[in-house]
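So you can see what is in the structure, the chains are spelled out below.
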Amino acid sequence: MASPDLTIDLSAIVTNWKALDRMTGASVETAAVVKADGYGLGADRVVTSLRRAGARSFFVAIAEEGPAIRRAAGPDAKIFVFGGHMDGDAPILAEHGLIPLLNSGQQVKRHLASLPDHPLGLQIDTGMSRLGMSSREFASLRHMIDPRGTQLVISHLACSDNKSDKRNQAQLAAFRKLTAGFPAPRSLSATGGILLGPEYHFDMCRPGIGLYGGAPFLNATPVVSLDAPVIQTRELSVGDYVGYGADWTAKRVSRIATIAAGYADGLHRVMGSGSSFSCWVGDIRCPVVGRISMDLITIDITDIDGTPERVQVLNEHQTIDDLAAVAGTIGYEILTTLGQRFRRRYIGG
């Protein structure tokens, strides 16, 4: 088969969820962020496994993601929508029992007008300047909102991946001040916030990337592995070049393997020759040589015995965060852009 195999360990996702859950107190609910199709890994499989493990609340980005999560999570799960209540969302929110996290006065008014008896949540901006009501806006709207129908009040930390950043404490203080006296459950922390400690946990934590094996949860169990087939091998003489732009030239007699993967599969072009991106045959590193093209990557297999049928791209030697560092991005982007051409194999769960 000429297709790479992406193996997704659902048991590892459950292990990571349980590990993060153990970091919080008994009264703190640990939810799961499953937006972007479970960070690209298949939300239906992810949610089903987490639901069996005990997760009861899930978060998506937009209302359109909600129906698939409802089917996987069952009728009694809570599904929150970070994007709130957008124009035209009322039917899908009502039909699938989704809880919008209202981000503005406009959204509050829209929700109360179109779905006055439907549960809601609130999102407050405590310094990230992204989604959420300002402190002034929230103060002016509190009297309009029945706390008994408010399922959750949240904010989002901008710098939680850096424990020493003073803005974490500033946002914590702002969140406490803004929500004081408002009798609804509160949530401030995603994965990074959980790692900051109990004062950030409130009533619910909502890990995302940590579930899928990424930083800042450095003790996470790896979730994905990726191997790709070797399509062709060739022997190069000194001075022969490889790939577009003749970007790499052999300085010794070399054996080069071409594998079936490329930037169309989320393996970024910038990770080509000269970077630390490699493929692996067992424990032997095979560096990438030449430019990564749309469908193909060339690697140096001179130092291994024989000719491999497949090589590993993601494994215990090279994680999503390792690839992200090479590409100048973050593990989130690597996960969510891994190509749809890969054959997906689910284990565990």
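It should be noted that the structure appears before, not after, this text.
For clarity, every value in this text was computed on a predicted model and none was experimentally measured. Counting of residues starts from 1 at the beginning of each chain's written sequence and follows it residue by residue. Where local features are concerned, this predicted model is filtered to residues with pLDDT of at least 70; where side-chain atom pairs are given and counted, the filter is 80 or more; whole-chain, interface and lining totals use all residues. Only hydrogens and water are set aside; all other atoms, that is, all heavy atoms of the structure, feed into the side-chain values.

Considerations on the nonpolar core
The definition of a nonpolar core used throughout is a set of buried Ala, Val, Leu, Ile, Met, Phe, Trp, Tyr and Cys residues joined through side-chain atoms within 4.5 Å. Relative accessible area decides the class of each residue, using a 1.4 Å probe on protein chains only: under 20% of the type maximum gives buried, over 50% gives exposed, and in between gives partly exposed. Ranked by internal contacts, the top residues of the largest apolar core, which has 79 residues, are Leu50, Phe58 and Ile299. In this text, helices come from DSSP runs of H or I with a minimum length of four residues, and strands from runs of E with a minimum of two, each type numbered from the N-terminal end. Top contributing element to this core by residue count: helix H1 (residues 10–22), with seven residues. Whether two residues are in contact is decided by their heavy atoms, any of which lying within 4.5 Å being enough. Discounting chain neighbours no more than four positions away, the residues touching leucine 50 are Ile13, Val14, Trp17, Ala32, Ala55, Phe58 and Leu211. Core analysis: the next-biggest nonpolar cluster, separate from the first, contains 20 residues, Ile145, Leu172, Phe182 and Tyr200 among them.

Some points on the sheet that holds strand S2 (residues 29–30)
Backbone-to-backbone hydrogen bonds pair the strands of a sheet. The strands run either parallel or antiparallel. Two strands form a pair only when DSSP identifies at least two bridges running between them. Read from one edge to the other, the open sheet built from nine strands follows the order S2-S10-S9-S8-S7-S6-S5-S4-S3, with strand pairing classed as parallel. If you trace the sheet from one side to the other, it starts and ends with S2 and strand S3 (32–33), each paired once. Bridge analysis of S2 against strand S10 (residues 204–205) gives two bridges, and the strand direction is parallel. If you follow glutamate 29 over to S10, its bridge partner there is methionine 204. Comment: axis = line fitted to C-alpha atoms, over the contacting stretch for helices; angle = value between 0 and 180 degrees taken between N-to-C directions. This element, helix H8 (residues 166–179), spans strand S8 (150–154) and strand S9 (186–189) of the sheet and lies at about 170° to S9.

Comments concerning empty space enclosed by the protein
Taking a probe equal in size to a water molecule and rolling it over the atoms shows the remaining empty space. Detection works on a 1 Å grid of protein atoms alone, calling trapped sets that fit a 1.4 Å probe cavities and calling open sets with protein on both sides within 12 Å along at least five of seven lines pockets, with lining residues defined by an atom within 4 Å of a point. Grid points are joined across faces, edges and corners, and a volume is the space filled by probe spheres set on the points. By the definition in use, this model includes one cavity of 30 Å³ or more. If you add up the space inside the largest cavity, you get close to 50 Å³. The wall of the largest cavity is formed by Gln123, Ile124, Asp125, Thr126, Met128, Arg130, Leu131, Ser155 and His156. Each residue receives one of three labels: charged for Asp, Glu, Lys and Arg, nonpolar for Ala, Val, Leu, Ile, Met, Phe, Trp, Tyr, Cys and Pro, and polar for the others, Gly being one of them. For the lining of the largest cavity, the per-class residue count stands at three nonpolar, four polar and two charged.

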